[in-house]
Amino acid sequence: MNIFEKFKETAISVLPVMFIVLGLGYFAAKMPALVLGRFVFGGVLLILGLTVFLLGVDLGIQPFGERAGAALTEKRNLTLLLISAFLIGFLVTIAEPDIQVFAAQVKGYYTMVNKLTVVLAIAFGVGIFLLTGLLRSVLHWNLKILLLIFYLILFALMFICPSSFGGVAFDSGGATTGPMTVPFILALGLGISSVRAEKDDSFGLTGVTSVGPVMAVFIYSLVLRKVIADPVVTESISVNISESAAASGGFASGGFASAGFFSPFTSIILSIAKEAALSLLPLIVLFAVFQIFLMHMTMRQVIRISIGFIYSFLGLSVFLVGVNGGFMEAGRMLGTFLGHQAQSGGWWFILLIVTGLLIGAVVVCAEPAVWVLTDQVESITGGTIKRKILLLFLSTGAALAIALALWRGVQGFSLRWILIPGYAIALILMIFSPKLFTAIAFDSGGVASGPITSTFVLSFTLGAASCSGNGNDVFGVISLVAMTPLIVIQILGIIYKNKTGGGK
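Computed from a predicted structure; not experimentally measured. (Residues numbered from 1 in each chain as written. Predicted model: local features only at pLDDT ≥ 70, side-chain atom pairs only at ≥ 80, totals over all residues. Heavy atoms only, no water.)

A.B. asks: Describe the packing of aromatic side chains, naming the residues involved and giving the relevant values.
C.D. replies: This model, assessed by the stated rule, comprises 24 aromatic pairs. Measuring from centroid to centroid gives 5.7 Å for phenylalanine 86 and phenylalanine 124, while their planes differ by 75°, and the two rings are edge-to-face. Here phenylalanine 86, found in helix α3 (residues 78–95), pairs with phenylalanine 124, found in helix α5 (residues 115–139); they are 38 residues apart in sequence, far enough to count as distant. Using a relative accessible area of 46% as the deciding quantity, one classes phenylalanine 124 as partly exposed. Note on tyrosine 151 and tyrosine 423: the rings are 5.0 Å apart at their centroids and 25° apart in plane angle, and the pair reads as stacked. Of this pair, tyrosine 151 sits in helix α6 (residues 143–160) while tyrosine 423 sits in helix α17 (residues 416–429), and the two are 272 residues apart along the sequence. On the basis of relative accessible area, tyrosine 423 is assigned to the buried category, the value being 4%. Ring pairing ties together the aromatic residues Tyr151, Phe155, Phe170, Phe218, Tyr423 and Phe442, which thus form one cluster. (Phe/Tyr/Trp six-rings, centres within 6.5 Å; stacked < 30°, edge-to-face > 60°. Helix = DSSP H or I, 4+ residues; strand = E, 2+ residues; numbered from the N terminus. Buried < 20%, exposed > 50% of the residue type's maximum accessible area, 1.4 Å probe, protein only.)

Now the structure itself:
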């Protein structure tokens, strides 16, 4: 696929989100022109960045991951494979921008938590379970049985750990699978399966890996259980729309032309570029080590992959500047307005939920890792499983997830009432769904909750929850977005199985 086709598909995915927010922001919330203008500019940057990033994945990250997985498997050295898997998972996770942001958010709500310890615990969990996932593939362990065991352990931990930490733990699984980690892990699994020539084992590695950080954070919470208390928000995050409009320059005041229009973008360029470079650095180091000792590619192949890394860096930097500079402010303000109005019930509450459904239906299509996964699924199945069908089911799942998150944010009921039945349904569906679709489903759970979910969607939900006094219970949004694909993709598998009359 050339860059123009990528740009077209990316634009088609992002523009619906922009139209929804602009329509509600202008006609319902009366948001400042300055905020909406920044949102539009951020959307343009998001489209351009995602296009270039996906081109970089095609040229660099994906070929490197596939070659690395194939080279490790061909060595027939299990110890080397497992040590490499742990180091890859540990190092890449530490550098993942989403994890740094997530750990800072946790520290902001739980003052007794150490940010570095949270990052290290999550990275250790990813390393151990990436190792486990590769070991499963090499030793032919049954994926469904392995996932069943792991999730039963997670549910047991959920009941013995502090209740207020459940959302944090499950959110960590979704936050871990960021724009750098997922493409490489997916490609690594694809490379290993190509050597073993088993299509059904091409997927599932991300799903297994996502269990690691959840379990690690639960164990960390057990260590802190004597000092963990319910989080207390010391500063209100509620936003008065009219006051904000006056401060930013409303529609009538010509705020759109304000000299400070670009300041949210220019002020974060260096920090975002640093984050993107740090997230890419472990892959570059690993590429150098693997090239010297394992892969021995030609100079032309090395140059091609290196160019891919440069594109990935530039694309991710522009993408994150757009998301953080323009999307978050608009999401928080719109969520705050709708959440405040929804307190009166009636049509405003319905509008809030419908908005969540609409945003969820389209926002998942703008996640970088979703594009990588759906590309690989369509490629490895020879077009049997169409990308458009996968995106349709993923969009349905994300829509339900965000609507549930908003409902919970306004009403304030326990996350367990959603997670336990949801995962129970997902585990039961494993009995009936073909093996390949179960693997794709659990991989999808990780990739659906990417940087847009952890920025725009989280800000929108946080704003809505703050108006009801439940702003201190925001953790769990990412976990819901990560849970629903497990259900909807396996339902797709059952439909596919019934239509074709085959599959296991």
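Picking up after the structure, the text goes on.
A.B. asks: Could you give an account of the pattern of salt bridges, naming the residues involved and the relevant values?
C.D. replies: Where side chains of opposite charge bring their charged atoms close, a pairing between them can arise. Scanning the model with the defined rule gives three salt bridges in all. A salt bridge links glutamate 329 to arginine 38; the shortest N-O distance between them is 3.6 Å. Of the two residues, glutamate 329 sits in helix α13 (residues 299–342) while arginine 38 sits in helix α2 (residues 33–74), which places them 291 residues apart along the sequence. Residue arginine 38 is classed as buried on the basis of its relative accessible area of 9%. Across the pair aspartate 375 and arginine 387 runs a salt bridge, and its minimum N-O distance is 2.2 Å. Highlighted residues: aspartate 375 in helix α15 (residues 368–380) and arginine 387 in helix α16 (residues 387–411), separated in sequence by twelve residues. The exposure class assigned to arginine 387 is buried, which follows from its relative accessible area of 7%. (Salt bridge = Lys/Arg side-chain N within 4 Å of Asp/Glu carboxyl O.)

A.B. asks: Any chance you could break down the packing of helix α14 (residues 346–363) against α16 for me, citing the residues and the numbers?
C.D. replies: Relative orientation of the contacting elements α14 and α16 amounts to 145°, with a least axis distance of 7 Å. Like other packed secondary-structure pairs, α14 and α16 cross with a definite hand, here right-handed. Of the residues in α16, those in contact with Phe349, Leu352, Ile353, Gly356, Leu357, Gly360, Ala361 and Val363 of α14 are Ser395, Ala398, Ala399, Leu400, Ile402, Ala403, Leu406, Trp407, Val410 and Gln411. Residue composition of the contact of α14 with α16, by class: 14 nonpolar, four polar and no charged. (Axes fitted to C-alpha atoms, helices over the stretch in contact; angles between N-to-C directions. Left-handed = near helix turned anticlockwise from the far one by under 90°. Contact = heavy atoms within 4.5 Å. Nonpolar A, V, L, I, M, F, W, Y, C, P; charged D, E, K, R; others polar.)

A.B. asks: Residue-level account of the packing of α2 against α15, with values.
C.D. replies: How two helices pack is summed up by the angle between their axes together with the distance between the axes. Remark: α2 packs on α15, axes separated minimally by 10 Å, with the N-to-C direction vectors making an angle of 50°. In terms of axis orientation, α2 runs oblique to α15. Here α2 and α15 pass one another in a crossing that is right-handed. In contact with Leu50, Phe53, Leu54, Val57 and Gln62 of α2, α15 contributes Pro368, Trp371, Val372 and Gln376. In terms of residue class, the contact of α2 with α15 is made up of seven nonpolar, two polar and no charged. (Parallel < 35°, antiparallel > 145°, perpendicular 65-115°, else oblique.)

A.B. asks: Summarise empty space enclosed by the protein; cite the residues concerned and give the values.
C.D. replies: Summed over all chains, the structure comprises five cavities of 30 Å³ or more. As for the largest cavity, its lining consists of 16 residues, and the residues nearest its centre are Tyr151, Gly173, Ser210, Tyr423 and Ala482. Those elements giving two or more residues to the lining of the largest cavity turn out to be α6, α7 (166–176), α9 (205–223), α18 (435–447) and α20 (477–500). Counting residues per element, the lining of the largest cavity draws most heavily on α9, which supplies four residues. Broken down by class, the residue content of the lining of the largest cavity amounts to nine nonpolar, seven polar and no charged. (1 Å grid on protein atoms, 1.4 Å probe; cavity = no way out; pocket = protein on both sides within 12 Å on 5 of 7 lines; lining within 4 Å. Points joined across faces, edges and corners; volume = space filled by probe spheres on them.)

A.B. asks: Can you tell me about a nonpolar patch on the surface, naming the residues and giving the values?
C.D. replies: Taken together, the side chains of Leu278, Leu281, Ile284, Val285, Val289, Ile292 and Phe293 make up a nonpolar region of the molecular surface, amounting to roughly 650 Å² of accessible area. If you trace the backbone, valine 285 turns up in helix α12 (residues 269–295). Take valine 285: its relative accessible area is 46%, and that puts it in the partly exposed class. (Patch = residues over 30% accessible without salt bridge, like charges linked within 9 Å, V, L, I, M, F, W, Y side chains within 5 Å. Areas by Shrake-Rupley, 256 points an atom, 1.4 Å probe, with all protein chains shown as cover.)

A.B. asks: Outline the environment of isoleucine 128, supporting the account with residue identities and numerical values.
C.D. replies: Position of isoleucine 128 relative to the elements: it lies in helix α5. Given the relative accessible area of 31%, isoleucine 128 is considered partly exposed. For the pair isoleucine 128 and alanine 216, spaced 88 residues apart in the sequence, the C-alpha separation amounts to 9.9 Å.

A.B. asks: Help me get a handle on the environment of glycine 260, residues and values and all.
C.D. replies: Residue position: glycine 260 is located in the loop between α10 (241–248) and α11 (263–266). Sequence separation of glycine 260 and leucine 34 is 226 residues, and the distance between their C-alpha atoms is 8.9 Å.

A.B. asks: Describe the side chain of threonine 461, naming the residues involved and giving the relevant values.
C.D. replies: Tracing the sequence through the fold places threonine 461 in helix α19 (residues 451–466). Beyond its immediate chain neighbours, meaning those up to four positions away, threonine 461 contacts Ala405, Leu406 and Val477.

A.B. asks: Talk me through α15; I want residue IDs and the actual numbers.
C.D. replies: Relative to the 18 Å expected for 13 residues at 1.5 Å per residue, α15 spans 19 Å between its end C-alpha atoms, a close match to the ideal helical length. Among the residues of α15, those classed as buried are Pro368, Ala369, Val370, Trp371, Val372, Leu373, Thr374, Gln376 and Val377. Immediately beyond the C-terminal end of α15, within one or two residues, lies glycine 382, with a positive phi of roughly 65°. (Expected span 1.5 Å × (residues − 1).)

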